[in-house]
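# Close look at the chain arrangement
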Amino acid sequence: MIRRPPRSTPSSNRRQRQMCIRDSSTLALSFGFQGFFSEARRSDSKKNQVGVVEITGTIVESDEILRQIKDFRDDEGIKAIVVRINSPGGGVGASQEIYREIRKTTLTKKVVASMASVAASGGYYVAAATDKIMANPGTVTGSIGVIMGYTNIEKLLEKIGILPVVIKSGRYKDLGSPVRDLAPEERRILQQFSDGLHAQFIRDVAQGRGLDEVKVAAVADGRVFTGKWAYENGLVDQLGNLEDALALAGQLAGVEGEVNAIYPEKSRFLLGDLLEQTVRTVMLQAQHPQMQAAYLYSPNH
């Protein structure tokens, strides 16, 4: 048996039209209020803005981070900047470029470092450039030092019957070659090179933190320490999380009320560029396994 819908009457049609009008009015009013409050939130979010620059993973390139720092520095709506660090450090040159840009920024805006799980070696180095450092009690930080190394593949090449041929114009042109052992004099040269980078690390941390270089040098033997230990020994200013760092940045900048964290716009092809850069770097290292120096916490190096 087929069940048919009830036959409509003029009175039932009139009630349905009234209900439709009432529901439409309610829906329009609802959207109107939502739009009002949404607009109010967007408008309010333009006040008390604190920019957040994230430094995550090994520091290899500095271009994108420098761009973000400069954009926030030039934006009059950004009252202060928080540099969120979750990094074991990385390349010496890249770390130094970020350090310098932060130091320039502190001349016009307050900058606070927020340490996440790890902010060691180059991660601590860039944090030292800020006005204040905030860490978690269990943050892995420190590792003030330089690490250099390479893989000697001389014995491997001998086993597979490959004999490298090198023609050079200077005695030390192939210093650190992976296809032969280091001579004692070459080891001494590389140690001096490492010591020079180490001295730069100590100097910049001392200047950034307003500490005596002798005090920094006393703990600059590569050891890591917790955020709590760093706080107790003057290498960190306060203990707290990212929200605490945002509040501190707002306070230093004279912001009244709750701060609004603003994250930078990512480059359109950032992921593609990153993948391309990573592949290129790996290929170059595979083809030319050369000596590298880094401000890097790498216990498995």
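This structure is a prediction, so every number in the text was calculated from the model and none was measured.

Basis of the calculations
- Residues numbered from 1 in each chain as written.
- Predicted model: local features only at pLDDT ≥ 70, side-chain atom pairs only at ≥ 80, totals over all residues.
- Heavy atoms only, no water.
- Helix = DSSP H or I, 4+ residues; strand = E, 2+ residues; numbered from the N terminus.
- Buried < 20%, exposed > 50% of the residue type's maximum accessible area, 1.4 Å probe, protein only.
- Contact = heavy atoms within 4.5 Å.
- Pairing = 2+ DSSP bridges.
- Right-handed = clockwise from strand over helix to strand, strands pointing away.
- Salt bridge = Lys/Arg side-chain N within 4 Å of Asp/Glu carboxyl O.

## A short note on the overall build of the protein chain
Assigned secondary structure in the protein chain consists of 10 helices and 11 strands. Expressed as a percentage of its 301 residues, the buried residues of the protein chain come to 34%. Put simply, 76% of the contacts in the protein chain that link residues at least 6 apart link residues at least 24 apart.

## Some remarks on the pairing of strand E2 (residues 78–87)
Counting buried positions along E2 gives seven out of 10 residues, so the element sits mostly inside the fold. For strand E1 (residues 49–56) and E2, the ladder comprises eight bridges, and the chain directions are parallel. Along E2, the bridge assignment pairs Gly51 with Ile81. The β-α-β motif built from E1, the intervening helix H2 (residues 63–74) and the parallel element E2 has right-handed crossover chirality.

## Regarding the pattern of salt bridges
Under the definition given, this model contains 12 salt bridges. Between Arg203 and Asp204 there is a salt bridge; the shortest N-O distance is 3.0 Å. What emerges from the salt-bridge pattern is a single network uniting Lys168, Asp174, Arg180 and Glu186.

## Topic: the pairing of strand E11 (residues 292–296)
Side-chain positions along a regular strand alternate between the two faces of the sheet. Strand direction decides the pairing type here: strand E3 (residues 89–91) and E11, joined by three bridges, are antiparallel. Across the sheet, Gly91 pairs through a bridge with Ala294, a residue of E11. For strand E7 (residues 147–149) and E11, the ladder comprises three bridges, and the chain directions are antiparallel. From the neighbouring strand, Met148 faces E11, where its bridge partner is Ala293.

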